[in-house]
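A closer look at the structure
Given next are the chains, with one letter for each unit.
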Amino acid sequence: MGVVILLVMAAGVALMLTRKLPTAFALALLAVAIAFLAGAPFTGKNSVLDTVLQEGAPALAATMIAIIMGSWLGKLLDETGIAGTLVRKIVEFGGDRPTVVALGVLAVSALVGTVTGSAPAAMLAGIIGIPAMIAVGVPKVTAAGTVLMGIAVGIPFELPLWQFFSTALELPIPTVRGFMVKLFPFALAAALAFVLVETRRRGTEHAWSLKAVDSPGSSGAKPRSRRAELGDAPWYALLAPAVPLVLALGFELAIIPSLLAGVLYALVTTTRPGGMNKRLLRTLYGGFEVAAPPLVLFISIGILLAAVKLPGAVDALEPLVKAVSPHNPVVFVLVFTLLVPLCLYRGPLNVFGLGAGIAGVLIATGIYPAVAVLGMATSYNQVFGVADPTSTQTVWSAQYAGVSPQQVMVRTLPYVWAVALGGLCVTAATYL
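Turning to the layout of surface pockets, a few remarks are in order. Empty space within the largest pocket amounts to approximately 1,000 Å³. Lining the largest pocket are 42 residues, and of these S118, P294, L297, R346 and T392 lie nearest its centre. Contributions of two or more residues to the lining of the largest pocket are made by helix 1 (2-17), helix 2 (23-37), helix 4 (61-79), helix 7 (118-135), helix 9 (159-168), helix 14 (273-308), helix 18 (370-387) and helix 19 (392-401). Ranked by the residues each element gives to the lining of the largest pocket, the list is headed by helix 14, at eight residues. Split into classes, the residues belonging to the lining of the largest pocket amount to 25 nonpolar, 13 polar and four charged.

Where nonpolar side chains cluster on the molecular surface, the patch consists of V3, L6, L7 and L320 and spans about 340 Å² of accessible area. For the nonpolar patch, the element with the highest residue contribution is helix 1, accounting for three residues.

As a further point, take the state of the cysteines. On inspection of all chains with the given rule, the structure shows zero disulfides. In this structure C343 is not part of a disulfide, and its nearest cysteine sulfur, from C425, lies 16 Å away. Judged by relative accessible area, which is 0%, C343 ranks as buried. For C425, a relative accessible area of 36% puts it in the partly exposed group.

Here helix 19 has its buried residues at Q393, T394, W396, S397, A398 and A401. In the core, the buried residues of helix 19 are packed alongside helix 7, helix 8 (140-154), helix 18 and helix 20 (405-431). Following helix 19 by one or two positions, G402 has its phi on the positive side, about 90°.

With that out of the way, let us pick up the environment of I256. The residue I256 is located in helix 13 (residues 255-268) in this model. On a C-alpha basis, the gap between I256 and Q163 in space is 9.0 Å, while along the polypeptide they are 93 residues apart. Discounting chain neighbours no more than four positions away, the residues touching I256 are A62, I65, A66 and M69.

Another aspect to go through is empty space enclosed by the protein. One pass over the full model with this rule turns up three cavities of 30 Å³ or more. L349, V351, G355, I358, A359, L362, V373, M376, A377 and Y380 together form the lining of the largest cavity. Listed by contribution, the elements that provide at least two residues to the lining of the largest cavity are helix 17 (354-364) and helix 18. Taken together, the residues of the lining of the largest cavity break down into nine nonpolar, one polar and no charged.

All right, on to the packing of helix 16 (residues 329-338) against helix 20 then. For the pair helix 16 and helix 20, the least separation of the axes is 9 Å and the interaxial angle reads 155°. By the angle between their axes, helix 16 is roughly antiparallel relative to helix 20. The handedness of the crossing between helix 16 and helix 20 is right-handed. For the pair helix 16 and helix 20, the contacting residues are P329, F332, V333, F336, T337 and L338 in the first and W417, L421, L424, C425, T427 and A428 in the second.

Secondary-structure assignment places Q393 in helix 19. What makes Q393 buried here is its relative accessible area of 6%.

In this section: the packing of aromatic side chains. Two descriptors summarise a pair of aromatic rings, namely the distance from one centre to the other and the angle between the planes of the rings. Across all of its chains, the model carries 14 aromatic pairs by this definition. Measuring from centroid to centroid gives 5.0 Å for F157 and F184, while their planes differ by 45°, and the two rings are tilted. Residue F157 is found in the loop between helix 8 and helix 9, and its partner F184 is found in helix 10 (residues 173-201); the two are separated by 27 residues along the sequence. Overall, the relative accessible area of 10% leaves F157 in the buried class. Judged by relative accessible area, which is 23%, F184 ranks as partly exposed. Note on F194 and Y415: the rings are 5.2 Å apart at their centroids and 85° apart in plane angle, and the pair reads as edge-to-face. Here F194, found in helix 10, pairs with Y415, found in helix 20; they are 221 residues apart in sequence, far enough to count as distant. The pair F194 / Y415 is uniform in exposure class, with both members buried. The aromatic ring of F93 is capped on one face by R97, whose charged end is 5.8 Å from the ring centroid.

Our focus in this paragraph is the packing of helix 4 against helix 14. Running from amino to carboxyl end, helix 4 crosses helix 14 at an angle of 135°, the nearest separation of the two axes being 7 Å. For the element pair helix 4 / helix 14, the angle class is oblique. Note that helix 4 runs across helix 14; the crossing there is right-handed. Taken together, the residues of the contact of helix 4 with helix 14 break down into 14 nonpolar, five polar and four charged.

What counts as what
Residues numbered from 1 in each chain as written. Predicted model: local features only at pLDDT ≥ 70, side-chain atom pairs only at ≥ 80, totals over all residues. Heavy atoms only, no water. 1 Å grid on protein atoms, 1.4 Å probe; cavity = no way out; pocket = protein on both sides within 12 Å on 5 of 7 lines; lining within 4 Å. Points joined across faces, edges and corners; volume = space filled by probe spheres on them. Helix = DSSP H or I, 4+ residues; strand = E, 2+ residues; numbered from the N terminus. Nonpolar A, V, L, I, M, F, W, Y, C, P; charged D, E, K, R; others polar. Patch = residues over 30% accessible without salt bridge, like charges linked within 9 Å, V, L, I, M, F, W, Y side chains within 5 Å. Areas by Shrake-Rupley, 256 points an atom, 1.4 Å probe, with all protein chains shown as cover. Salt bridge = Lys/Arg side-chain N within 4 Å of Asp/Glu carboxyl O. Disulfide = S-S within 2.5 Å. Buried < 20%, exposed > 50% of the residue type's maximum accessible area, 1.4 Å probe, protein only. Contact = heavy atoms within 4.5 Å. Axes fitted to C-alpha atoms, helices over the stretch in contact; angles between N-to-C directions. Parallel < 35°, antiparallel > 145°, perpendicular 65-115°, else oblique. Left-handed = near helix turned anticlockwise from the far one by under 90°. Phe/Tyr/Trp six-rings, centres within 6.5 Å; stacked < 30°, edge-to-face > 60°. Lys NZ or Arg CZ within 6 Å of the ring centre and 35° of its normal.

Dropping the structure here:
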């Protein structure tokens, strides 16, 4: 029966790769199929309806709330001009020096990447940052890749991601935080290497492929101040993206309160009292729109995790998974480093797809300790978050820069592959 379950999983991957079904729907159907193959009854204990669907759907509720909070803060950073101001200040500082401008955009991308992931983070940093880089001669592919590599630097400190791995792998937040801190230097080194190497190796390319931002005051109205002209947020409001990180990392405050504190700080430092109520509601509703796709995905991931943890599924898959899972630390690193491409194109090792189910199997069968699975999953997520041509942030950044997602993948993959290698080395040395 284990072989049949694996074949069903392969069919699920095929449905996602060929886009016959959206990822969330494919994962839910796959979970139901696995449950029936594992001999689960229709209702009752360890059943399809009560365990897989009823208990699995809200299993990642804490993660979903954290995503809503992060999306809410992201909308505030956009509407209040905090993100745009950060990018503009960097561009002004960099002047006409391509590498300096790119490094500045990288830093802003990393900062917003700690707040919210996916396309919203790319848009917050890239709407101004990508045209600015191209204007000073940064090649288009490098400009798109810089935003993505910056987001990857922020991923280890993305608080909703901490909550996801904590809930999905049943690990305490301090354990997740501890590994993420170890992963951060690899992400930072790879991002810096990308900018320094690619901006020099490719030279400068002065091209105007994007519509220039309308100059403030072009309507004829004379602005009252430079801040009013550019829409700059106050300098103290620029600390808003760092507030949740300081509270969660420095003071070890819980994730959701930390994100909520960031929301309140961004609101208070940019909005007059009379407009707070409307802005709060408007950005909250906007945050729900941004968060809707990942919320649906996390519902399906919870359902899939519930299915692969059923006793029948564990008993069927355990001998097969044990037979192919390396335990020698060196072999572990070599094998899983070579398998890095399987997290691309919504492949079987994508943690926001079937990879979540595989992670659940590895833990449920006792093949690896949960913290080792955390190391694998987070290492692969660094690759997916940058180089996967199907991820929303990669598609948006590439298209906005005027290149294809595949071009961005080819250019960034060597760097994020090295990040995954570093994460897997730490995992093997620490947890195996």
